[in-house]
Amino acid sequence: MRLLIGCAVGLGVFVAGSGVGLAAGKSGSVTVYAGPPLQKPPAGISPHADALFFYPRSVTINAGDTVTWQLFGFHTVTFAGSHNPYPFAVPAGKQAVTKDAASQPFWWSGEAPVLAISPMAILQQGGSTISGRADVRSSGLMRVLSAGPKSPPAPYELTFTSPGIYHYQCAVHGGMRGVVIVRPAGQGTPSVASEAAAVQAALARTIADLRQIQQTKPKKSLRVFVGAGHVSTGAEVTAFFPAQLSVNVGDTVTFVNHDQTDIHTVTFGPEKLRANIEKNFAAPQGKRLVLNPLGAFPSDPPGGAVEYNGANHGNGYLNAGILQPQGAPAAAGPKMFRVTFTKPGTYHYECVIHSNMDGTIVVH
Ligand SMILES: [Cu+2]
């Protein structure tokens, strides 16, 4: 089985970064925000809200001008050149032999590839100028990974030397895209004031959309939406809808990734185990950053519904593995996970990618 990851590891929720305001840029330069430039969710918006969006999505400059990106979230600014898709998780050797709490090897043990985050996603690619669409340029995730509460990510700057239309994306979130339109030097471009107005207008659209999305409710019974969001505004709520569901013994619950651009998991098991998987979802191993197979892979061979009695794998561990967003190609991997509950009880689960994305199934 081949697992492709197109749109991975989001660290949800509005970033409490530095207090970067929407300052007017100097002439010949324009600022774009990767993620919402907000300190906290606006009134009435879920703390699980995020936005996978470049504000504004499109900017127009003259050749010779510089674009500065401020990073508000787990994002990159990536001009992919001919890379399609741009590499994110790449195979890097085989999984070590790994046994569950019942001393049985997992189905992927010793067999499935180790998934390492590609150096092209982690490290900055290229210098500070770009002169054509074939040029590969990327801010790199290291800029975000090495930032702390008191040291926000260094802004990413690129000077565009030649006219053209330059599309870019986030290497982590495949649906998060932007464009830089470069006109010949001397031609008029929108003023800094109108760029700032475009940012505010896009933010307002995101927030209005979040108000709708946080009310999400599956129409079918025995169904849980795993996250919800729209690519058009970047709005995303990293929560389960509903967060608590009561079912009867023998019922099969279908968990569906309802997000357009972000991945999630559905992971059952002891709280300590889940917390540990979340903490080490992407963890350094030697010089590489690898995805934890207990989080990234399904706990059981992919196929039909999995039966759950609260004691699976010796300790109650059960995992969907990465569920791909609705916007991902079918080849990227599964978008849903089905569980048949066979024993009464209260079962807690979570997404091990997004903090505080928790759910409960009560089985009567
Ligand atoms: Cu999630």
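Everything numeric in this text was worked out from a predicted model, so none of it was measured.

(A) Layout of the overall build of the protein. Counting secondary structure elements, the protein contains five helices and 25 strands. Taken over C-alpha atoms, the radius of gyration comes to 21 Å for the protein, in line with the 21 Å a tight globule of 364 residues would show. C-alpha atoms of the protein, sized along the principal axes, occupy 70 × 45 × 35 Å. Counting every position in the protein, which comprises 364 residues, the buried fraction comes to 52%.

(B) A look at the packing of aromatic side chains. Following the criterion strictly, the structure yields 23 aromatic pairs and no others. Aromatic pair F106 and W108: ring centres 5.0 Å apart, planes at 5°, arrangement stacked. Comparing F106 with W108, the two get one shared label, buried. Through successive ring pairs, a cluster of aromatic residues spans F240, F255, F268, Y308, F337, F341, Y347 and Y349.

(C) The arrangement of the sheet that holds strand 14 (residues 223–229) in detail. Spatial ordering of the open sheet is given by 2-15-14-17-23-21, a layout of six strands whose pairing is mixed. Bordering the open sheet on either side are strand 2 (49–51) and strand 21 (306–308), each of which pairs with just one other strand. The mean angle between the axes of side-by-side strands here comes to 25°, regardless of whether they run parallel or antiparallel. Pairing geometry for strand 14 and strand 17 (residues 252–258), over five bridges, is parallel. Residue pairing in the sheet places F225 in a bridge with V256 of strand 17. Packed on one face of the sheet, helix 3 (residues 192–213) meets strand 2, strand 14 and strand 15 (235–241) and runs near 15° to strand 15.

(D) View of the coordination of the copper ion. Only H264 (ND1), C351 (SG), H354 (ND1) and M357 (SD) from the protein coordinate the copper ion, and they sit 2.0 to 2.7 Å from it. What the four donor atoms of the copper ion show is an angle range of 92 to 134° at the metal, which sorts the shape as tetrahedral. The sequence pattern formed by the donor residues of the copper ion is H-x86-C-x2-H-x2-M. Like C351, the residue M357 is buried in the burial classification.

(E) Looking closely at the environment of A147. Within the secondary structure layout, A147 lies in the loop between helix 2 (142–145) and strand 11 (156–160). A C-alpha to C-alpha distance of 36 Å links A147 and K217, two positions 70 residues apart in sequence. Apart from residues no more than four positions distant in its own chain, A147 is found in contact with P152 and P153.

(F) Region of the structure containing the domain arrangement of the protein. When cut into domains, the protein gives domain 1 (29–88 + 118–211) and domain 2 (216–363). Between the C-alpha centres of domain 1 and domain 2 the distance comes to 29 Å. Between domain 1 and domain 2, the contact holds 18 residues from the first and 14 residues from the second. Summed over both sides, the interface between domain 1 and domain 2 buries roughly 1,300 Å², with carbon and sulfur atoms accounting for 57% of that surface. When residues of domain 1 are sorted by the area they lose upon contact with domain 2, H48, L52 and D209 head the list and together hold 44% of the total. At the boundary of domain 1 with domain 2, the tally comes to zero salt bridges. Taken together, domain 1 and domain 2 are joined by eight residue pairs in polar contact (both at pLDDT 80 or more). Counting residues per element, the ones that place at least two in the side of domain 1 that touches domain 2 are strand 2 and helix 3.

(G) Expanded view of the pattern of salt bridges. The full count for this structure, using the stated rule, is two salt bridges. For the salt bridge of R137 with D135, the shortest nitrogen-to-oxygen distance reads 3.8 Å. Note on R137: relative accessible area 15%, which makes it buried. Linking E350 and R274 is a salt bridge whose minimum nitrogen-to-oxygen distance equals 3.0 Å. You can see E350 sitting in strand 24 (residues 345–350) and its partner R274 sitting in helix 4 (residues 271–279), a full 76 residues away along the chain. By relative accessible area, which is 5% here, E350 ends up buried.

(H) Structural view of the nonpolar core. Judged by nonpolar contacts, the single largest core of 73 residues is most densely connected at W69, F160, V180 and F255. The two domains that each donate at least three residues to this core are domain 1 (29–88 + 118–211) and domain 2 (216–363). For V180, the contacting residues outside a window of four places in its chain are V59, I61, V67, W69, F79, F160, G164, I165, Y166 and Y168. Counting residues in hydrophobic clusters, the runner-up holds 21 residues, among them A49, Y55, L210 and I213.

(I) Geometry of helix 3. With 22 residues, helix 3 should cover 32 Å at 1.5 Å per step; its first-to-last C-alpha distance of 31 Å lies within 8% of that length. Within helix 3, burial applies to E195, V199, A202, L203, T206, I207, D209, L210 and I213. Mapping the buried residues of helix 3 onto a view down its axis gives an arc of 165°, with all of them on the same face. Exposed residues lying more than 90 degrees from the buried face of helix 3 are A193, R205 and Q212. Tucked into the core, helix 3 has its buried residues touching strand 1 (29–34), strand 2, strand 3 (54–55), strand 4 (58–62), strand 14 and strand 15.

How each quantity is defined
- Residues numbered from 1 in each chain as written.
- Predicted model: local features only at pLDDT ≥ 70, side-chain atom pairs only at ≥ 80, totals over all residues.
- Heavy atoms only, no water.
- Helix = DSSP H or I, 4+ residues; strand = E, 2+ residues; numbered from the N terminus.
- Rg over C-alpha atoms; globule rule 2.2 N^0.38 Å.
- Buried < 20%, exposed > 50% of the residue type's maximum accessible area, 1.4 Å probe, protein only.
- Phe/Tyr/Trp six-rings, centres within 6.5 Å; stacked < 30°, edge-to-face > 60°.
- Pairing = 2+ DSSP bridges.
- Axes fitted to C-alpha atoms, helices over the stretch in contact; angles between N-to-C directions.
- Contact = heavy atoms within 4.5 Å.
- Donors = N, O, S within 2.8 Å, 3.2 Å for Na, K, Ca; no water.
- Tetrahedral: all angles 85-135°; square planar, octahedral: opposite > 155°, others 65-115°.
- Domains from an automatic or database assignment.
- Buried area = accessible area lost by both parts, 1.4 Å probe.
- Salt bridge = Lys/Arg side-chain N within 4 Å of Asp/Glu carboxyl O.
- Polar contact = N/O pair within 3.5 Å; in protein donor to acceptor, adjacent residues only side chain to side chain.
- Core = buried A, V, L, I, M, F, W, Y, C linked by side-chain atoms within 4.5 Å.
- Expected span 1.5 Å × (residues − 1).
- Arc of directions from axis to C-beta.

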